[in-house]
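Structural features, examined
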Amino acid sequence: MPPPPELADAWRTARPEPDLLHLDSAAAGRSSRAVLSAVTAHLEREARTGGYVAAAQAAPELDRVRADLAGLLGHAPQDTVLTESAVSALSVLLEAWRLPPGSTVLVSPGEYGPNLARFARWGLVVEAMATADAVGHVDLDALRARLAARPPALVHLCHLGSHRGVVQPAAEVVVLARAAGVPVVVDSAQALGHVDTALGADAVYATSRKWLAGPRGVGVLAVRPGLLDVPTAGLESAEAFVAGRIGLGVALAEHLALDPSRVHAGLAARGRATREALDGTAGWRTVEPVDEPSATTTLAPPVGWTDAGVETAQQQLRVEHGVLVTSAGVWRAPLEATRTVLRVSPHLDATAEDLDRLARALTAVS
Ligand SMILES: *Cc1c(COP(=O)(O)O)cnc(C)c1O
């Protein structure tokens, strides 16, 4: 079922007309006019009254941003800080945590490549969870057994990956890890604004610009009290893109007004429609099961294509056909991905005609 027309209309009419067919929310969502004006209004205030005065005046708005994020992430406002991005949130967390080098991190099968680099930076030893199927859902029985036999120092789960629209059973993973007494951290960069993210993890982090369609350069980290030896509030960067944080507040208000559970259902419906429209087009195959509850679809190329060929197809789609998607390389999930795929990530406003247009363009570039 497509999202109710009023939901799609509300989302579409709230933002500037796109110059191309934008099916790339997993990279960066399209911000609304209200978000853009909140950002520019704060920049203007900075120029008129001084950046620090403007920030002090905006303190109540920033408190509301933290509180709204805390609500969506299932943490308390005072345990939630603003960062510059999801990856910077993970860096801040690991720096404050100082796990002994050599500690084991049990990660999701499709763990995000740049996260793996952060674990390596702190000398942590990565092991991947076993998968239950060919698309990489975590095998919960194997996880339970692994946690009992050899508890790692930390479980780290990418709720939704960057390379594939597979939604991990994050709530179940959190319950299993906590039952085993192992701290669990969730990367919700692709999950926030997309699927339910209030999971009760020990720490969770995410980004503004993807499914919430807030400004770039803003992220969030929430940490359960007692996990770290330092107070969470101290982890927030003082020098920051305050205007972007204010803009995120508006994106959050819009998301909450639409009702997150309706947005999640609408996005899952877009994912299903995308997979139904595209699977088999000119020999491209969708990787995700048709009913995977996410809006992200990846397409594996026809037999014989190289990774470079997929990158070229992505460029041709944009330059020659005005369609924006991502070519998602192996670096995004080096433990799992074996080839570059096209990633299609529509938001609520994508129509059946849009998906037809992508299918025609895909045929043309194949
Ligand atoms: C985009 C992404 C990140 C990084 O988010 P930034 O805000 O760019 O740092 C982390 N994890 C996953 C799964 C992502 O898709």
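None of these values were measured; they are calculated from a predicted model.

Parameters and conventions
- Residues numbered from 1 in each chain as written.
- Predicted model: local features only at pLDDT ≥ 70, side-chain atom pairs only at ≥ 80, totals over all residues.
- Heavy atoms only, no water.
- Helix = DSSP H or I, 4+ residues; strand = E, 2+ residues; numbered from the N terminus.
- Rg over C-alpha atoms; globule rule 2.2 N^0.38 Å.
- Buried < 20%, exposed > 50% of the residue type's maximum accessible area, 1.4 Å probe, protein only.
- Contact = heavy atoms within 4.5 Å.
- Lys, Arg positive; Asp, Glu negative; His and termini not counted.
- Charge placed at Lys NZ, Arg CZ, Asp CG, Glu CD.
- Pairing = 2+ DSSP bridges.
- Axes fitted to C-alpha atoms, helices over the stretch in contact; angles between N-to-C directions.
- Expected span 1.5 Å × (residues − 1).
- Parallel < 35°, antiparallel > 145°, perpendicular 65-115°, else oblique.
- Nonpolar A, V, L, I, M, F, W, Y, C, P; charged D, E, K, R; others polar.
- Domains from an automatic or database assignment.
- Buried area = accessible area lost by both parts, 1.4 Å probe.
- Salt bridge = Lys/Arg side-chain N within 4 Å of Asp/Glu carboxyl O.
- Polar contact = N/O pair within 3.5 Å; in protein donor to acceptor, adjacent residues only side chain to side chain.

**A few points about the overall build of the protein**
- Looking only at helices and strands, the protein has twelve helices and 13 strands in total.
- For 366 residues, the compact-globule estimate of 2.2 N^0.38 gives 21 Å, and the C-alpha radius of gyration of the protein, at 20 Å, lies within 12% of that figure.
- Across its three principal axes, the protein shows a C-alpha extent of roughly 60 × 55 × 35 Å.
- Counting over 366 residues, the protein shows a buried share of 56%.
- Across the protein, the fraction of contacts at a sequence separation of at least 24, relative to all contacts at a separation of at least 6, is 68%.
- Charged side chains in the protein number 32 positive and 40 negative. The centres of these two groups are separated by 2 Å.

**Comments concerning the sheet that holds strand β2 (residues 80-83)**
- With respect to topology, seven strands assemble into an open sheet ordered β2-β8-β7-β6-β5-β3-β4, the strand pairing being mixed. The open sheet has two edge strands with one neighbour each: β2 and β4 (125-128). Direction aside, neighbouring strands of the sheet carry axes that sit 20° apart on average.
- Relative to strand β6 (residues 184-187), strand β5 (residues 154-158) runs parallel, the two being bridged by four bridges. For His-156, the partnering residue across the bridge sits in β6 and is Val-185.
- Where helix α5 (residues 86-97) meets the sheet, its contacts fall on β2, β5, β6, β7 (203-207) and β8 (219-223), and the angle it forms with β7 comes to roughly 150°.

**As for helix α9 (residues 242-258)**
- Taking 1.5 Å as the rise per residue, α9 with 17 residues should run 24 Å; its terminal C-alpha atoms sit 25 Å apart, in good agreement.
- Counting buried residues in α9 gives twelve out of 17 residues, a clear majority hidden from the surface.
- Along α9, the residues that are buried comprise Val-242, Ala-243, Gly-244, Arg-245, Ile-246, Gly-247, Leu-248, Gly-249, Ala-251, Leu-252, His-255 and Leu-258.
- Elements in contact with the buried residues of α9: α1 (5-13), α2 (33-49), α3 (51-57), α4 (59-73), β2 and α10 (260-278).
- Immediately beyond the C-terminal end of α9, within one or two residues, lies Asp-259, with a positive phi of roughly 85°.

**Details of the packing of α9 against α10**
- At a minimum axis distance of 5 Å, the contact between α9 and α10 shows a crossing angle of 85°. Overall, the two elements α9 and α10 adopt an arrangement that is roughly perpendicular. Counting all contacts with α9, which are made through His-255, Leu-256 and Leu-258, the residues of α10 involved are Pro-260, Arg-262, Val-263 and His-264.
- When its residues are assigned to classes, the contact of α9 with α10 shows four nonpolar, two polar and one charged.

**Thoughts on the domain arrangement of the protein**
- Split into domains, the protein comes out as domain 1 (5-23 + 259-365) and domain 2 (34-258).
- Look at where the C-alpha atoms of domain 1 and domain 2 centre, and you get two points 25 Å apart.
- Facing the 35 residues of domain 1 at the interface are 35 residues of domain 2.
- Interface area, domain 1 with domain 2, both sides summed: about 2,600 Å², of which 60% is carbon and sulfur.
- When the buried area of domain 1 at its contact with domain 2 is split by residue, His-264, Leu-335 and Glu-336 rank highest and sum to 22% of it.
- The residue Arg-164 makes a salt bridge to Glu-336 at a minimum N-O spacing of 3.4 Å.
- The tally of links from domain 1 across to domain 2 stands at 15 residue pairs in polar contact (both at pLDDT 80 or more).
- Of all the secondary-structure elements, those providing two or more residues to the side of domain 1 that touches domain 2 are α1, α10 and β13 (341-344).
- Among the elements that make up the side of domain 1 that touches domain 2, the one with the highest residue count is α10 (six residues).
- Split by residue class, the side of domain 1 that touches domain 2 holds 20 nonpolar, six polar and nine charged.

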